[in-house]
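Observations on the model geometry
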Amino acid sequence: MRIALTGANGQLGQALWDCLSPPHTMVPLNQDPFDLGRPDAVEQVAATGADLVIHTAAFTHVDGCARDPDLAYRINGLGTRYVALACQQLDVPMVYISTNEVFSGTATTPYREYDPTGPINAYGHSKWAGEQAVRELLHRFYLVRIAWLFGGERSFVRTVLRLLHDPPAGGLRMVTDEVGSPTYAPDVAGAIARLIEQPFYGTYHLVNAGECSRYAFAQEIASLSGHCQVPIHPIRLADYQRDSTPPAYSPLANIAGAALGVVLRPWQEALAEYLASL
Ligand SMILES: NC(=O)c1ccc[n+]([C@@H]2O[C@H](COP(=O)([O-])OP(=O)(O)OC[C@H]3O[C@@H](n4cnc5c(N)ncnc54)[C@H](OP(=O)(O)O)[C@@H]3O)[C@@H](O)[C@H]2O)c1
């Protein structure tokens, strides 16, 4: 297949590139000249002549989205609409990468694909607007929600590793009441590669199995990377000042992918493999 990939230089984009090329012919759509903030993004995607478009590009800085919600909507909401319009013109399916942050975080069990959404921050609202554009414009799409991605340069894992190497006085402070599903970019790329082989369009939750708090995640990173001596102190979300509020409890349940045999391993296994590779 000829696959157009937005955000090819991003964390997931790079993992998808490595996973899909070969066997597929990949066409990258990177910022400059491709800009999701401009309507001519439609023409640029359409001009690729792709058989499938994978849309990973987004304004992913969650606090930045909170500071400029209109820009978040332009890039993540309207930008995704442009990509979907191009898929409509090409008459090809689209893979849209969405997020756990479309959920409110008030649940007590992992969110299933069919659970009602209810974003509570600007990033979540903008990604939800992207989901709506895909649903409104296309009848062939894979709407893939992921969460807590690691495997690239900019991730929670890399931030924690930097802090462990050069700890602040008194140690690290990590939140106990934000819980999610850590997800290894190469694992989700592999799952997407399997998904697009089959015309089972719809909504998917592709995350590594299991859940943890930011605190437990950081502890596992410290343990696996040999930094157990660095103190990590539990704090509450309310004690961590930032511009946006994440959903407190947003692990995702993979039901639709599992029905097709597309299942990701436990996050601890993926994290161990990733840390060993660094
Ligand atoms: N990271 C997570 O924890 C997480 C969790 C859930 C869902 N997601 C979703 O997963 C997808 C991939 O995330 P990621 O972590 O791989 O993202 P990332 O590393 O931040 O990469 C985002 C990509 O989007 C591109 N981009 C940003 N603004 C753009 C614009 N105006 N026009 C065109 N391209 C633009 C960036 O281009 P440059 O390289 O030129 O900056 C970059 O390649 C996103 O849709 C995100 O919402 C991520």
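Here the structure is a predicted model, which means the values were calculated and not measured. (Residues numbered from 1 in each chain as written. Predicted model: local features only at pLDDT ≥ 70, side-chain atom pairs only at ≥ 80, totals over all residues.)

This part covers the overall build of the protein. Across its full length, the protein carries 10 helices and 12 strands. Taking 19 Å as the expected radius of gyration for a compact globule of 278 residues, we find that the protein reaches 18 Å, a close match to that expectation. (Helix = DSSP H or I, 4+ residues; strand = E, 2+ residues; numbered from the N terminus. Rg over C-alpha atoms; globule rule 2.2 N^0.38 Å.)

What follows concerns the site of the ligand. Of all residues adjacent to the ligand, which total 28 residues, the nearest are Gly-7, Gly-10, Gln-11, Ala-57 and Ala-58. Looking at the shell around the ligand, the elements that each hand over two or more residues are α1 (11-20) and β4 (94-99). Take the shell around the ligand: its biggest share by element is 3 residues, from α1. Per-class residue counts for the shell around the ligand are 12 nonpolar, 13 polar and 3 charged. (Near = placed C-beta within 6 Å. Nonpolar A, V, L, I, M, F, W, Y, C, P; charged D, E, K, R; others polar.)

A few words on the packing of helix α6 (residues 156-165) against helix α8 (residues 214-224). The N-to-C vectors of α6 and α8 enclose an angle of 60 degrees; their axes lie 10 Å apart at closest approach. In terms of axis orientation, α6 runs oblique to α8. Considering how the two elements wind past one another, α6 and α8 form a crossing that is right-handed. Residues Phe-156, Val-157, Val-160, Leu-161 and Leu-164 of α6 touch α8, and the partners they reach there are Phe-217, Ala-218, Ile-221 and Ala-222. A per-class count over the contact of α6 with α8 returns 9 nonpolar, no polar and no charged. (Axes fitted to C-alpha atoms, helices over the stretch in contact; angles between N-to-C directions. Parallel < 35°, antiparallel > 145°, perpendicular 65-115°, else oblique. Left-handed = near helix turned anticlockwise from the far one by under 90°. Contact = placed C-beta atoms within 7 Å.)

So, about unusual backbone geometry. Most peptide bonds take the trans configuration, and most residues that are not glycine carry a negative phi. Following Pro-22, the chain continues into Pro-23 via a peptide bond in cis, with omega recorded as 15 degrees. Mapped onto the elements of the fold, Pro-23 is located in the loop between α1 and β2 (25-29). Note that the residue after Asp-32, namely Pro-33, is joined by a cis bond; omega there is 15 degrees. Relative to the helices and strands, Pro-33 is located in the loop between β2 and α2 (41-46). The residue Trp-148 is not glycine, and still its phi comes out positive at about 40 degrees. Within the fold, Trp-148 resides in the loop between β5 (141-146) and β6 (149-150).

Val-53, Met-94, Val-144 and Ile-192 are the most contacted members of the largest nonpolar core, which totals 86 residues. By residue number, the principal contributor to this core is helix α4 (residues 69-90), which donates 7 residues. Residues within four places of Ile-192 in sequence aside, it is in contact with Leu-16, Val-95, Val-144 and Leu-206. (Core = buried A, V, L, I, M, F, W, Y, C linked by C-beta atoms within 7 Å. Buried ≥ 20, exposed ≤ 12 C-beta atoms within 10 Å, placed from the backbone.)

This next bit is on the sheet that holds β5. The sheet built from 6 strands is open, its strands ordered β2-β1-β3-β4-β5-β10 with parallel pairing. Each edge of the sheet is formed by a strand with only one pairing partner; in this case those strands are β2 and β10 (202-205). Pairs of neighbouring strands in the sheet enclose a mean axial angle of 20 degrees, with direction left out of account. In the packing of α1 onto the sheet, contacts are made with β1 (2-6), β2, β3 (52-55) and β4, and the angle to β1 comes to roughly 165 degrees. (Pairing = 2+ DSSP bridges.)

Right, let's talk about the packing of α4 against helix α5 (residues 122-137) for a bit. Packing of α4 against α5 leaves a shortest axis separation of 8 Å and a crossing angle of 20 degrees. The angle between α4 and α5 places the two elements in the roughly parallel class. The hand of the α4/α5 crossing is right-handed. Residues Pro-69, Ala-72, Tyr-73, Asn-76, Gly-77, Thr-80, Arg-81, Ala-84, Leu-85 and Gln-88 of α4 lie in contact with α5, whose contacting residues are Ala-122, Tyr-123, Ser-126, Lys-127, Ala-129, Gly-130, Ala-133, Val-134 and Leu-137.

Residues that lie three or four places apart on an α-helix share one face, since the helix turns once every 3.6 residues. Within the span of helix α10 (residues 267-277), buried status applies to Trp-267, Ala-270 and Leu-271. With its buried residues spanning 100 degrees around the axis, α10 presents them on a single face. Elements that come into contact with the buried residues of α10 comprise β9 (183-184), α7 (185-195) and α8. (Arc of directions from axis to C-beta.)

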